[in-house]
Amino acid sequence: MDREEWPVDREEWQRRGRSFSTGPDAYDEYRPGYSPDAVRWLAGTGPARILELGAGTGKLTRPLVERGNSVIASDVSAPMLQRLRHGLPGIRTVVCTAEDIPLTESSVDLVVAAQAYHWFDPERALPEIARVLRPGGLVGLVWNRPDLTIPWVRRLFGLLGVFGDTGDPLESAAMFAPTETRSFRNWQDHTKESLLGFAASSSHLVTMEPAKRAATLDQVGTLYDEYGRGRGGMRLPWETNCYRARVLSEAKSASASPDNDDGLLIDFNW
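Residues numbered from 1 in each chain as written. Predicted model: local features only at pLDDT ≥ 70, side-chain atom pairs only at ≥ 80, totals over all residues. Heavy atoms only, no water.

### Concerning the sheet that holds strand β2 (residues 70–75)
Across a sheet, strands are paired by hydrogen bonds formed along the backbone, either parallel or antiparallel in direction.
Consideration 1: Taking strand neighbours across the sheet as the criterion, the seven strands line up as β3-β2-β1-β4-β5-β7-β6 in an open arrangement whose pairing is mixed. Single-partner strands in this sheet number two, and they are β3 (92–95) and β6 (180–190). Averaged over all pairs of adjacent strands, the angle between their axes in this sheet comes to 20 degrees, without regard to strand direction.
Consideration 2: Here strand β5 (residues 133–146) pairs with strand β7 (residues 234–246) via nine bridges, running antiparallel. Looking at β7, one finds that Val139 is bridged to Ala245.
Consideration 3: Across the sheet, helix α5 (residues 78–87) lies against β2 and β3, angled at about 175 degrees from β3, the strand it touches most.
Consideration 4: Its contacts with the sheet put helix α8 (residues 192–200) on β6 and β7, and the angle it makes with β6 is roughly 130 degrees. (Pairing = 2+ DSSP bridges. Helix = DSSP H or I, 4+ residues; strand = E, 2+ residues; numbered from the N terminus. Axes fitted to C-alpha atoms, helices over the stretch in contact; angles between N-to-C directions. Contact = heavy atoms within 4.5 Å.)

Here you go:
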């Protein structure tokens, strides 16, 4: 999902986080993907063993697999992972949280999270991420952020409860080296139908009272009518903001097992 405006209380925050289980097909169809340059910067050039947290329907998983990586896709939502497996038969998936990862220590080269880290509890999730990374391994985080410098984009995402980037999410993570950052331009073409589908898939609208949700979608449709480009539709500009940091050697446990050939504590869905 996008980096949406933080709810006023934890109960509402949790309710939005659970909302994605209700519409995995719409999420997969209407949410933007990631540019090849962004994926290359996050995952490198060589095959790696990757744990993806909050994988959802596989927007980032697919290009990671296509690049020859061995990916374990995890999410708190079983319906999301079922949709992911439909598009990637044979992918290893597991229902789990970032705060309790069912992998052994030092078992993956890279941990990534796309549009998901803001749902984690950093105080619990970051030590878990450091634990499962091999010495020298990387954590990579990515968000597609709307270009809010454009007035009509700012208007659209105001309806969806989205705001701008909040800065380096790993800045205070003591177990990781200083963060590297990159930003990549990404475009998403929309018809009126797909823009409405995109809006309806946001947690802000999914959790709205039905009448308010319908009124908001009417506003989104009006915006398209005013700013659409005829048969060419609408081009929605995104900035793909990427962050990565290497785990520090002192953060690794003395009981780590970097030569573990599997590192998996559970059976996976296939």
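Now that the structure has been shown, we can carry on.
### A short note on the packing of α8 against helix α10 (residues 210–227)
Consideration 1: Where α8 contacts α10, the two axes come as close as 10 Å, and the packing angle between them is 145 degrees. Between α8 and α10 lies a crossing whose hand is right-handed. Across the interface between the two elements, Lys192, Leu195, Leu196, Ala199 and Ala200 from α8 touch Arg213, Leu217, Val220, Gly221, Tyr224 and Asp225 from α10. (Left-handed = near helix turned anticlockwise from the far one by under 90°.)

### Digging into the pairing of β7
Consideration 1: The buried fraction of β7 is high, at eleven of 13 residues.
Consideration 2: Here β6 runs beside β7; their pairing, made up of eleven bridges, is antiparallel. Across the sheet, Trp187 pairs through a bridge with Pro237, a residue of β7. (Buried < 20%, exposed > 50% of the residue type's maximum accessible area, 1.4 Å probe, protein only.)

### As for the packing of helix α7 (residues 151–159) against α10
Consideration 1: In the contact formed by α7 and α10, the axes pass within 10 Å of each other and the chain directions differ by 170 degrees. Classed by the angle they form, the pair α7 and α10 counts as roughly antiparallel. The segment α7 lies against α10, with Trp152, Arg155, Leu156 and Leu159 engaging Thr216, Gln219, Val220, Thr222, Leu223, Glu226 and Tyr227.
Consideration 2: Partitioning the contact of α7 with α10 into residue classes produces six nonpolar, three polar and two charged. (Parallel < 35°, antiparallel > 145°, perpendicular 65-115°, else oblique. Nonpolar A, V, L, I, M, F, W, Y, C, P; charged D, E, K, R; others polar.)

### What to know about the side chain of Thr216
Consideration 1: Looking at the secondary structure, you find Thr216 in helix α10.
Consideration 2: Thr216 sits in the buried class, given a relative accessible area of 6%.
Consideration 3: The residues touching Thr216, leaving out its near neighbours within four places in the chain, are Leu159, Leu205 and Met208.

### Examining the nonpolar core
Consideration 1: One finds Leu53, Ile129 and Phe176 to be the most contacted residues of the largest nonpolar core, which totals 29 residues.
Consideration 2: The set of elements that each furnish at least two residues to this core consists of β1 (49–53), β4 (108–114), α6 (122–132), β5 and β7.
Consideration 3: In terms of residue count, the dominant contributor to this core is α6 (five residues).
Consideration 4: Once you skip the residues sitting within four places of it in the chain, Ile129 turns out to touch Leu53, Ile101, Val111, Val139 and Phe176.
Consideration 5: Val39, Ile50, Ala55 and Leu138 belong to the second largest nonpolar core, which has 24 residues in total. (Core = buried A, V, L, I, M, F, W, Y, C linked by side-chain atoms within 4.5 Å.)

### A closer look at the packing of aromatic side chains
Consideration 1: Counted by the stated rule, this structure contains seven aromatic pairs.
Consideration 2: Arranged with centres 5.9 Å apart and planes meeting at 80 degrees, the rings of Trp143 and Tyr243 form a pair that is edge-to-face. Residue Trp143 is located in strand β5, and its partner Tyr243 is located in strand β7; the two are separated by 100 residues in the primary sequence.
Consideration 3: For Trp143, a relative accessible area of 1% corresponds to the buried category.
Consideration 4: Geometrically, the ring pair formed by Phe157 and Trp238 is edge-to-face, given 5.5 Å between the ring centres and 80 degrees between the ring planes. Residue Phe157 is located in helix α7, and its partner Trp238 is located in strand β7; the two are separated by 81 residues in the primary sequence. Judged on exposure class, the residue Phe157 and its partner Trp238 are both buried.
Consideration 5: Put simply, the rings of Tyr117, Phe120, Trp143 and Tyr243 pair up and form one aromatic cluster.
Consideration 6: A cation sits over an aromatic face here: Arg185 above Trp187, 5.0 Å from the ring centre.
Consideration 7: The ring of Trp41 carries the charged tip of Arg244 above its face, separated from the ring centre by 4.0 Å. (Phe/Tyr/Trp six-rings, centres within 6.5 Å; stacked < 30°, edge-to-face > 60°. Lys NZ or Arg CZ within 6 Å of the ring centre and 35° of its normal.)

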